[in-house]
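Fold and geometry: a report
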Amino acid sequence: DTAVSQTPKYLVTQMGNDKSIKCEQNLGHDTMYWYKQDSKKFLKIMFSYNNKELIINETVPNRFSPKSPDKAHLNLHINSLELGDSAVYFCASSQDHRAYEQYFGPGTRLTVT
Amino acid sequence: AQSVTQLDSQVPVFEEAPVELRCNYSSSVSVYLFWYVQYPNQGLQLLLKYLSGSTLVKSINGFEAEFNKSQTSFHLRKPSVHISDTAEYFCAVSPTGTASKLTFGTGTRLQVML
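As the structure is a computational prediction, the values presented were derived from the model and not from experiment. (Residues numbered from 1 in each chain as written. Chains lettered and ligands numbered in written order. Predicted model: local features only at pLDDT ≥ 70, side-chain atom pairs only at ≥ 80, totals over all residues. Heavy atoms only, no water.)

1. Section: the pattern of salt bridges
For clarity, the cut-off: Here, a salt bridge means any side-chain nitrogen of Lys or Arg that lies within 4 Å of a carboxyl oxygen of Asp or Glu. For the purposes of this entry, the term helix denotes a DSSP run of H or I that reaches at least four residues, the term strand denotes a run of E that reaches at least two, and both are numbered from the N terminus. Three labels apply to residues, based on accessible area from a 1.4 Å probe with only protein chains included: buried if under 20% of the type maximum, exposed if over 50%, partly exposed otherwise in between.
The full count for this structure, using the stated rule, is twelve salt bridges over all chains. Two residues, Glu58(A) and Lys101(B), come together in a salt bridge whose shortest N-O distance is 3.0 Å. Of this pair, Glu58(A) sits in the loop between strand 6 (53-57) and strand 7 (64-70) while Lys101(B) sits in the loop between strand 10 (87-95) and strand 11 (103-104), placing the two residues on different chains. Relative accessible area serves as the criterion here: at 27%, Lys101(B) is assigned to the partly exposed category. Salt bridges here are not isolated pairs; linked through shared partners, they connect Glu20(B), Glu64(B), Glu66(B) and Arg77(B).

2. Observations regarding the state of the cysteines
Residue and element names in this part refer to chain A. We count it as follows: By disulfide we mean two sulfur atoms from cysteines, separated by a distance within 2.5 Å.
The tally for this structure, following the rule as stated, stands at two disulfides over all chains. What pairs with Cys-23 in a disulfide is Cys-91, and their sulfur atoms sit 1.8 Å apart. Taking the sign of the torsion about the S-S bond as the criterion, the disulfide between Cys-23 and Cys-91, at about -75 degrees, is left-handed. Of this pair, Cys-23 sits in strand 3 (residues 19-25) while Cys-91 sits in strand 9 (residues 87-94); the two residues are 68 residues apart in sequence, bridging distant segments of the chain. The exposure class assigned to Cys-23 is buried, which follows from its relative accessible area of 1%.

Right under this line is the structure:
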């Protein structure tokens, strides 16, 4: 059983397109996160949701919009994709917003051409 | 704000040799400390964590890390590495008493050679 899953695993698209990445966790956790890992492997948090409510919103362009339909899902929608958006995007979850052990998904490699 | 420095981007080591991966952090508040491991084409997995108590923490696969508050360090060590330890290792911190927010270092690639 996959604890944190992401779809798709790979995503290749052109500049200007809109795309979504989906994340689901079956751990019963309350809190979910999105991270971006750039080409130099630097990982940075983008968003955090607790029970479907946004609690962390780092300096991320408005083109990125997270959506949490329920606490087991946190999707990432990206409008007007740019070359600089190419990265690996990781979803993670934790038991609650103060739980410090986070469980990561396998990542989605986004390539914008 | 917090920052994490991993000075070594790559560490090559022969199998069965000891290894130390260095991690230093900077923070104006108390933090919890973590090591995550990323195997090729996989997500991150928590290797070990320091929240409180003994400053020496150990993982089930032989890694250990020691929290040194005066030196603001949390170096990762293993006395004898195996080829399967080849991976990227990330040190991370999160401020205590607030919502969990991991700040990662830039990672150290451990390359174990035969």
